[in-house]
Amino acid sequence: MSAPTPRSARLAQSPVALREGRWWLVGEAGAVPVSDPAFATVLDGFAEAVAAADRALADLRARPSEPSASGTGGRR
């Protein structure tokens, strides 16, 4: 991935983890490295999408609250 990542991170509550720059499939019996470059590329893209979504949510939460039109009590 192009962005700096922690040494070990689970991907969106999935059985996949990125450890020291390498993807692993993680299960109760242990972990297996992802050896398929195409699959690793898909995981990279998904991780980037999850990170972008997390940043967008953080930006939305950081904005001051705006009163909504429905919160004014006026109904039609």
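Residues numbered from 1 in each chain as written. Predicted model: local features only at pLDDT ≥ 70, side-chain atom pairs only at ≥ 80, totals over all residues. Heavy atoms only, no water.

Q: How do you make sense of the overall build of the protein chain when you look at a structure like this?
A: Scanning the protein chain from terminus to terminus reveals one helix and four strands. From first element to last, N terminus to C terminus, the protein chain shows the α and β order β-β-β-β-α. The proportion of buried residues among the 76 residues of the protein chain is 14%. Counted over contacts in the protein chain with a minimum sequence separation of 6, partners at least 24 positions apart contribute 20%. By element, 56% of the accessible surface of the protein chain is carried by carbon and sulfur atoms, the whole surface being about 6,200 Å². (Helix = DSSP H or I, 4+ residues; strand = E, 2+ residues; numbered from the N terminus. Buried < 20%, exposed > 50% of the residue type's maximum accessible area, 1.4 Å probe, protein only. Contact = heavy atoms within 4.5 Å. Areas by Shrake-Rupley, 256 points an atom, 1.4 Å probe, with all protein chains shown as cover.)

Q: Just checking my understanding: could you explain the packing of aromatic side chains for this structure?
A: Any pair of aromatic rings gets described here by the distance separating the centres and the angle formed by the planes. In this structure the tally under the stated criterion is zero aromatic pairs. Across from the ring centre of Trp24, 5.8 Å away, lies the NZ or CZ of Arg22, which sits over that ring. (Phe/Tyr/Trp six-rings, centres within 6.5 Å; stacked < 30°, edge-to-face > 60°. Lys NZ or Arg CZ within 6 Å of the ring centre and 35° of its normal.)

Q: Looking at this model, I keep getting lost on the nonpolar core. Mind explaining?
A: The nonpolar side chains of a soluble globular protein tend to be buried with one another. Counting residues in each nonpolar core, the largest one holds eight residues, listed as Leu11, Val16, Leu18, Trp23, Val34, Ala40, Leu43 and Ala47. Looking at this core, the elements with two or more residues in it are β2 (16-19) and α1 (37-62). Leave out the neighbours within four places in its chain, and Val34 touches Arg22, Trp23, Trp24, Leu25, Phe39, Ala40 and Leu43. (Core = buried A, V, L, I, M, F, W, Y, C linked by side-chain atoms within 4.5 Å.)

Q: Which parts of the structure should I look at to understand the pairing of strand β3 (residues 22-27)?
A: On a regular strand, each side chain points to the face opposite its neighbour's, so the side chains alternate between the two faces of the sheet. Pairing geometry for β2 and β3, over four bridges, is antiparallel. Bridge pairing in β3 places Ala17 opposite Trp24. Turn length for the β2-β3 hairpin, with the two strands adjacent in sequence and antiparallel, is two residues, and the turn residue Glu20 shows positive phi of about 50°. The pairing of β3 with strand β4 (residues 30-33) spans four bridges and is classified as antiparallel. If you follow Val26 over to β4, its bridge partner there is Ala31. From the end of β3 to the start of β4, which pair antiparallel, there are two residues. (Pairing = 2+ DSSP bridges.)

Q: Quick question: what am I supposed to make of unusual backbone geometry here?
A: Outside of glycine, negative phi angles account for most residues, and trans bonds account for most peptide bonds. The backbone phi angle of Glu20 is positive, close to 50°, even though this residue is not glycine. For Glu20, a relative accessible area of 59% corresponds to the exposed category.

Q: I would appreciate a short explanation of α1 in the present structure.
A: Helical geometry: 3.6 residues make up each α-helical turn, so side chains three or four residues apart lie on a common side. End to end, α1 covers 37 Å across 26 residues, agreeing with the expected 38 Å (1.5 Å per residue, within 8%). Those residues of α1 that sit buried are Ala40, Leu43 and Ala47. With a side-chain oxygen positioned 3.1 Å from the backbone nitrogen of Ala38, the residue opening α1 is Asp36. (Expected span 1.5 Å × (residues − 1). Polar contact = N/O pair within 3.5 Å; in protein donor to acceptor, adjacent residues only side chain to side chain.)

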